[in-house]
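Reading the structure
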Amino acid sequence: MTFNQRCYELLSQIPKGKIVTYKQIANTLNTKAYRAVGNAMANNPNPITVPCHRVIKSNGLIGGYVFGTKKKINLLEDEGIIIKKDEIVDFKKHIHLFK
DNA sequence: GGAATGACATTTA
DNA sequence: CTAAATGCCATTC
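In what follows, the accompanying structure is described. This is a predicted model, so every value here is computed, not measured.

Focus on the packing of aromatic side chains
Applying the stated criterion to the full structure yields 1 aromatic pair. Here Tyr65 and Phe67 contribute two aromatic rings whose centre-to-centre distance is 5.6 Å and whose plane-to-plane angle is 55°, an arrangement assigned as tilted. Residue class for Tyr65 comes out buried when judged on its relative accessible area of 18%.

Dropping the structure here:
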């Protein structure tokens, strides 16, 4: 089981309309590899089962996306998330907490 | 094995 | 509050 696999597994647990920060993911994995998490996303071999577009920065910004940040925003808004100027509106209300 | 890279975070000015 | 500098972990070249 690689780091990436674990990240994907967590992401697959995120329900529609919810989001998480890179920090939360790393924290859930008991590590501080926020960077590595981002790398895993970039290497996302399975964008279908892995909703990597629901991962955002800890400051509420969108962050990056393989298909472009625009596309990411579009997807999130389609799931009910409000985004303004590449920033999540009330993103604390949409944050998903892992068990 | 070592150096470079990145979808980040935190601290300092 | 905004901007810049520094630190970080895992992966890849």
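Some details on the protein's contact with DNA strand C
Around DNA strand C, the structure places Phe3, Asn4, Thr31, Lys32, Ala33, Arg35, Ala36 and Asn39. Per the 4 Å cut-off to the protein, sugar and phosphate atoms form 67% of the nearby atoms of DNA strand C. Contact between DNA strand C and Arg35: a base oxygen at 2.7 Å from a side-chain N or O atom of the residue. Taking Ala36, its main chain carries an N or O atom lying 3.5 Å from a base oxygen of DNA strand C. Residue classes in the surface near DNA strand C are distributed as 3 nonpolar, 3 polar and 2 charged.

Notes on helix 4 (residues 69-78)
Burial in helix 4 covers these residues: Lys72, Ile73 and Leu76. What you see down the axis of helix 4 is that its buried residues fit within an arc of 100°, all on one side. Of the exposed residues in helix 4, the ones pointing more than 90 degrees away from its buried face are Lys70 and Asp78. Among the structural elements, helix 2 (22-28), strand 2 (55-56), strand 3 (83-84) and strand 4 (87-88) are those in contact with the buried residues of helix 4.

Quick word on the protein's contact with DNA strand B
Tyr22, Lys23, Arg35, Lys57 and Ser58 are the nearest of the 16 residues found near DNA strand B. Expressed as a percentage, the sugar and phosphate content of the atoms of DNA strand B within 4 Å of the protein is 43%. Between DNA strand B and Ser58 there is a distance of 2.9 Å, counted from a phosphate oxygen to a backbone nitrogen or oxygen. With respect to DNA strand B, the backbone of Gly64 contributes an N or O atom lying 3.0 Å from a base nitrogen. If you list the elements that add at least two residues to the surface near DNA strand B, you get helix 2 and helix 3 (34-42).

Some thoughts on the packing of helix 1 (residues 3-13) against helix 3
One can describe the packing of helix 1 onto helix 3 by two numbers: an axis separation of 9 Å at closest approach and a directional angle of 80°. Compared by their axis directions, helix 1 and helix 3 come out roughly perpendicular. Contacts between helix 1 and helix 3 involve Phe3, Asn4, Cys7, Tyr8 and Leu11 on the former and, on the latter, Ala36, Val37, Ala40 and Met41. Taken together, the residues of the contact of helix 1 with helix 3 break down into 8 nonpolar, 1 polar and no charged.

Rules of the game
- Counting restarts for each chain: residues are numbered from 1 in the order of the written sequence.
- As they are written, the chains are lettered A onward and the ligands numbered 1 onward, keeping that order.
- Residue-level local features of this predicted model are given only where pLDDT is at least 70; pairs of side-chain atoms are given and counted only at 80 or more, and the full residue set underlies all totals for whole chains, interfaces and linings.
- Note that the side-chain values use all heavy atoms of the structure and ignore hydrogens as well as water.
- Working definition: rings of Phe, Tyr and Trp (its six-membered ring) pair if their centres are within 6.5 Å, and the pair is stacked with planes under 30 degrees apart, edge-to-face with planes over 60 apart, and tilted otherwise.
- When accessible area is computed with a 1.4 Å probe and restricted to protein chains, residues below 20% of their type maximum are described as buried, those above 50% as exposed, and intermediate ones as partly exposed.
- When we say a residue is near a molecule or strand, we mean one of its heavy atoms is within 4 Å of it.
- Residues adjacent in sequence count toward polar contacts only when both atoms are side-chain atoms; beyond that, a polar contact is any pair of N or O atoms within 3.5 Å, and within protein one must be able to donate a hydrogen and the other to accept it.
- Residues were grouped as follows: Ala, Val, Leu, Ile, Met, Phe, Trp, Tyr, Cys and Pro as nonpolar; Asp, Glu, Lys and Arg as charged; and all remaining residues, including Gly, as polar.
- Labels follow the DSSP assignment, with helices taken as runs of H or I lasting at least four residues and strands as runs of E lasting at least two, numbered in each case from the N terminus.
- In this description, one arc is meant: the one made by directions from the helix axis to the C-beta atoms.
- Contact definition: two residues touch when any of their heavy atoms are within 4.5 Å.
- Whenever a helix is involved, its axis is fitted only over the stretch in contact; in every case the axis is a line through C-alpha atoms, and angles between N-to-C directions fall within 0 to 180 degrees.
- By the definition adopted for this analysis, an angle is roughly parallel if under 35 degrees, roughly antiparallel if over 145, roughly perpendicular if from 65 to 115, and oblique otherwise.

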